[in-house]
Amino acid sequence: IRIRDRVRRRQREDMHEALVRRTLPNQAKIGDLYECLRAGRVIQVDEQPTLSVSTAGGLEDEAITLPLCREVIDRSVLVSEEEILDALRGLYRADGQLVEGAAGVPVAAFRQVAGDYTGKTVAIVLCGRNVSPEVAAMITRSAMPPRGPL
């Protein structure tokens, strides 16, 4: 029991670090987690195509995901596919980072609410370079090579 408690505590800490300002993709096609949080229970939502593939999956009834997210998420910001793509292009232009759609979501969300954080230090953790050739082409085709800030 002690080991499991330590693992759960560490998972909770990791999730808290990653999800304090959790963002969700696709304003028009709201994801499962957002709908489950609104409903207060796991519900099934039809998945829709999105650039943020790794955040689009369904929740399992037995998983710790929903209770943990209810505990650590204090704000959700919904972003559109266009905003995700624009964020991905901005990351590529500014820093040469070619990242997957899920990594573009927090950048897109922050752009919406940046004014709320004026004068504050903000860190956005980006992870994931699982970019399909098609999405990479969408990002690089209309984005100039790295040149400056987002």
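A brief report on the enclosed structure follows.

About the criteria used
- For every chain, the first residue of the written sequence is number 1, and numbering continues from 1 onward in sequence order.
- At least 70 in pLDDT is required for a residue's local features to be given in this predicted model, at least 80 for side-chain atom pairs to be given and counted, and no such filter applies to totals for whole chains, interfaces and linings, which use all residues.
- Note that water and hydrogens are dropped before the side-chain values are worked out from all heavy atoms of the structure.
- Numbering of helices and strands starts at the N terminus; helices are DSSP runs of H or I of at least 4 residues and strands are runs of E of at least 2.
- The length a helix should cover is 1.5 Å for every residue beyond the first.
- Partly exposed residues are those whose accessible area sits between 20% and 50% of the maximum for their type, while under 20% is buried and over 50% is exposed, using a 1.4 Å probe and protein chains only.
- Residue contacts follow a heavy-atom distance rule, with two residues in contact if any of their heavy atoms lie within 4.5 Å.
- Fitting a line to C-alpha atoms yields each axis, with helices limited to the stretch in contact; the angle taken between N-to-C directions then spans 0 to 180 degrees.
- Throughout this description, any angle smaller than 35 degrees is read as roughly parallel, any larger than 145 degrees as roughly antiparallel, any in the 65 to 115 degree range as roughly perpendicular, and the remainder as oblique.
- Amino acid classes used here: Ala, Val, Leu, Ile, Met, Phe, Trp, Tyr, Cys and Pro are nonpolar; Asp, Glu, Lys and Arg are charged; the rest, including Gly, are polar.
- Throughout this description, a polar contact denotes any pair of N or O atoms lying within 3.5 Å of each other; where both atoms belong to protein, one of them has to be capable of donating a hydrogen while the other can accept it, and for residues adjacent in sequence the pair is counted only when both atoms sit in side chains.
- Definition used for salt bridges: Asp or Glu carboxyl oxygen within 4 Å of a side-chain nitrogen of Lys or Arg.

On to helix α4 (residues 81-95). Counting along an α-helix, one turn takes 3.6 residues, and residues three or four places apart therefore face a common direction. Helix length check: α4, at 15 residues, gives a terminal C-alpha distance of 21 Å against a target of 21 Å (1.5 Å per residue), a fit within 8%. Those residues of α4 not exposed but buried are Glu81, Ile84, Leu85, Ala87, Leu88, Gly90, Leu91, Tyr92 and Arg93. In this structure, the buried residues of α4 make contact with α5 (101-113) and α6 (133-141).

A packed helix pair is summarised by two numbers, namely the angle formed by the two axes and the spacing between the axes. Their axes nearest at 10 Å, the elements helix α2 (residues 32-39) and helix α3 (residues 65-72) cross at an angle of 75°. In this view, α2 runs roughly perpendicular relative to α3, as classed from their interaxial angle. Of α3, the residues touching α2 (which contributes Leu33, Cys36 and Leu37) are Leu66, Cys69 and Arg70. For the contact of α2 with α3, the per-class residue count stands at five nonpolar, no polar and one charged.

A few words on the side chain of threonine 50. Counting through the fold element by element, threonine 50 comes out in the loop between α2 and α3. Given a relative accessible area of 16%, threonine 50 falls into the buried group. Among the polar contacts made by the side chain of threonine 50, one reaches the main-chain amide nitrogen of serine 52 at a distance of 3.1 Å. Separated by 2.6 Å, the side chains of threonine 50 and glutamate 81 make a polar contact.

All told, the structure shown has three salt bridges when counted by the stated rule. Arginine 38 is paired through a salt bridge with glutamate 35; the nearest N and O atoms lie 3.9 Å apart. Of this pair, arginine 38 and glutamate 35 both sit in helix α2, three residues apart, which is roughly one turn of the helix. We classify glutamate 35 as partly exposed; its relative accessible area is 21%. Here aspartate 86 and arginine 111 are joined by a salt bridge, their closest N and O atoms 2.7 Å apart. On the criterion of sequence distance, the pair formed by aspartate 86 in helix α4 and arginine 111 in helix α5 is long-range, its members being 25 residues apart. Look at aspartate 86 and you get partly exposed, because its relative accessible area is 37%.

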